[in-house]
Amino acid sequence: MANILGVGNATLDIINIVDGYPAEDDEVRAEAQRVYRGGNTANSLVVLSQLGHRCRWAGTLADERDARPILDDFERHHVDTAAAATISQGKVPTSYVILNKRTGSRTIVHYRDLPEYAFKHFARIDLQELEWVHFEGRNPEAVKRMLQRVKAERPELRCSLEVEKHRPGIDALFHHVDLLLFSRTFAESRGADSAESFLDSIRNEAPESDLVCAWGEQGACGLTRRGQPVATPAFVPPRVVDTLGAGDVFNAGMIDARLREQSLQSSLVAAARLAGHKCGQEGIEGLVGSG
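Residues numbered from 1 in each chain as written. Predicted model: local features only at pLDDT ≥ 70, side-chain atom pairs only at ≥ 80, totals over all residues. Heavy atoms only, no water.

> Describe the layout of surface pockets, listing the residues and the values that go with them.
Volume-wise, the largest pocket comes out at about 1,500 Å³. Forming the walls of the largest pocket are 49 residues, and the residues nearest its centre are Arg106, Glu164, Thr243, Ala246 and Gly247. The element best represented in the lining of the largest pocket is helix H7 (residues 246–259), accounting for 5 residues. For the lining of the largest pocket, the class distribution of residues is 19 nonpolar, 18 polar and 12 charged. (1 Å grid on protein atoms, 1.4 Å probe; cavity = no way out; pocket = protein on both sides within 12 Å on 5 of 7 lines; lining within 4 Å. Points joined across faces, edges and corners; volume = space filled by probe spheres on them. Helix = DSSP H or I, 4+ residues; strand = E, 2+ residues; numbered from the N terminus. Nonpolar A, V, L, I, M, F, W, Y, C, P; charged D, E, K, R; others polar.)

Structure below.
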């Protein structure tokens, strides 16, 4: 299996499960509470580790007690954290999640008091043994320098970029990567009303990349670098239990399938199946063999 580096966020997720989303100014009792390690890139790496890959995480953590559950979970899933940067001040990023058990939907309030992963930390990472680098598009200026380093030292090393939200300068990263993973949120911020129309509108900005846009229950679409459109329906479970992290699972499925040299079409199907399975269960454990 492949050696994968993921550069991005890891959080502490405090999840309260409620029987129906509360109205404003309501006071409701949570039926259950879970505390997990979360974060987009962190979730994707944990899934990729379950799929048999050797994974490393590069991100920032505060030097405080809430970092311990995150590090313990990485260790349990055999995700190496040697490239992490520990910051003496600040707070571990924390997501306060309300999970509606009736629909499986989640609402998140996120708190962050921690700098993003800096280029000076990435510059210390040995790129020679890596076969894939996945970036979360959080801090475009620093990520651009990271991508430039990869292309200068290892031009054959494949890279992916998750584009979840609009951030100033994010567009400048598009032509540096092999696989672009766009969210519905980002596409809609560009005025798109479908994955197909969004990919068609953006293809000239990344002519050397494979493009993918997931659209929730409507499935996902892709566009090869040769301009061939591909698509997959969503694989909705009999009962939607928990959608938290479904996009991260989808991204992991895409990376895994591409590393296995599957076509973009086959990769979309594999990723959508994996994400659908995740929506039918709590958390991201036990996803291997679900397809």
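> Please set out the pattern of salt bridges residue by residue, giving values where relevant.
Taken as a whole, this structure holds 26 salt bridges when the rule is applied. As a salt-bridge pair, Asp73 and Arg37 come within 2.9 Å of each other at their nearest N and O atoms. Linking Asp73 in helix H2 (residues 67–76) with Arg37 in strand E3 (residues 32–38), this pair joins segments that are 36 residues apart in sequence. When its relative accessible area of 11% is taken as the criterion, Asp73 is described as buried. With its nearest N and O atoms 2.9 Å apart, the salt bridge here joins Asp256 to Arg260. Taking the relative accessible area as the measure of exposure, Asp256 reaches 9% and is therefore buried. On the basis of relative accessible area, Arg260 is assigned to the partly exposed category, the value being 39%. Salt bridges linked by common partners bring Arg34, Asp242, Lys278 and Glu282 together as one network. (Salt bridge = Lys/Arg side-chain N within 4 Å of Asp/Glu carboxyl O. Buried < 20%, exposed > 50% of the residue type's maximum accessible area, 1.4 Å probe, protein only.)

> Please set out the sheet that holds E3 residue by residue, giving values where relevant.
With mixed pairing, 4 strands are arranged side by side in an open sheet as E3-E2-E8-E9. On the outer flanks of this sheet lie E3 and strand E9 (106–113), each paired with one strand and no other. Ignoring strand direction, the axes of neighbouring strands in this sheet form an average angle of 20 degrees. Here strand E8 (residues 91–100) runs beside E9; their pairing, made up of 7 bridges, is antiparallel. Bridge pairing in E9 places Leu99 opposite Arg106. Taken strand by strand, H2 contacts strand E2 (11–18), E3 and E8, and its axis lies near 70 degrees from that of E3. (Pairing = 2+ DSSP bridges. Axes fitted to C-alpha atoms, helices over the stretch in contact; angles between N-to-C directions. Contact = heavy atoms within 4.5 Å.)

> Account for H2, with residues named and values stated.
Along H2, the positions that sit buried rather than exposed are Ala67, Ile70, Asp73 and Phe74. In a view along the axis of H2, the buried residues occupy a sector of 135 degrees, so they form one face of it. Residues of H2 that are exposed and angled more than 90 degrees away from the buried face: Glu75 and Arg76. (Arc of directions from axis to C-beta.)

> Explain unusual backbone geometry to me, and be specific about the residues and the numbers.
Positive phi, normally seen in glycine, also occurs at Asp25, with a value near 75 degrees. Considering the arrangement of structural elements, one finds Asp25 in the loop between E2 and E3.

> Describe the environment of Ala270, with residues and values.
Note that Ala270 resides in helix H8 (residues 264–279). Judged by its relative accessible area of 30%, Ala270 falls in the partly exposed class. C-alpha separation for the pair Ala270 and Ala257, spaced 13 residues apart in sequence, amounts to 7.0 Å. Setting aside residues up to four positions removed in sequence, Ala270 forms contacts with Ala257 and Gln262.

> Before we move on, can you summarise helix H6 (residues 195–202) with the specific residues and values?
Every buried residue of H6 is listed here: Ala195, Phe198, Leu199 and Ile202. What you see down the axis of H6 is that its buried residues fit within an arc of 95 degrees, all on one side. Away from its buried face, by an angle of more than 90 degrees, H6 presents the exposed residues Asp200 and Ser201. On its buried face, H6 is in contact with strand E12 (179–182), helix H5 (184–189), strand E13 (210–214) and strand E14 (220–223).

> How would you sum up the UniProt feature "domain: Carbohydrate kinase PfkB" (unreviewed entry) in the protein? Please name residues and give values.
With numbering aligned to this structure, UniProt lists the feature "domain: Carbohydrate kinase PfkB" (unreviewed entry) at residues 2–283. Taken as a whole, residues 2–283 contains 29% helix and 28% strand, while its terminal C-alpha atoms sit 24 Å from one another. (UniProt positions renumbered as here; feature names shortened; annotations may be inferred.)

> Any details on the packing of helix H1 (residues 40–50) against H7? Residues and values, ideally.
Viewed as axis vectors pointing N to C, H1 and H7 meet at an angle of 50 degrees, and their least axial separation amounts to 8 Å. On the basis of the axis angle, H1 is oblique to H7. Seen from above, H1 lies across H7 with right-handed handedness. For the pair formed by H1 and H7, the contact residues are Asn40, Asn43, Ser44, Val47 and Leu48 on the first element and Asp248, Val249, Asn251, Ala252, Ile255 and Asp256 on the second. (Parallel < 35°, antiparallel > 145°, perpendicular 65-115°, else oblique. Left-handed = near helix turned anticlockwise from the far one by under 90°.)

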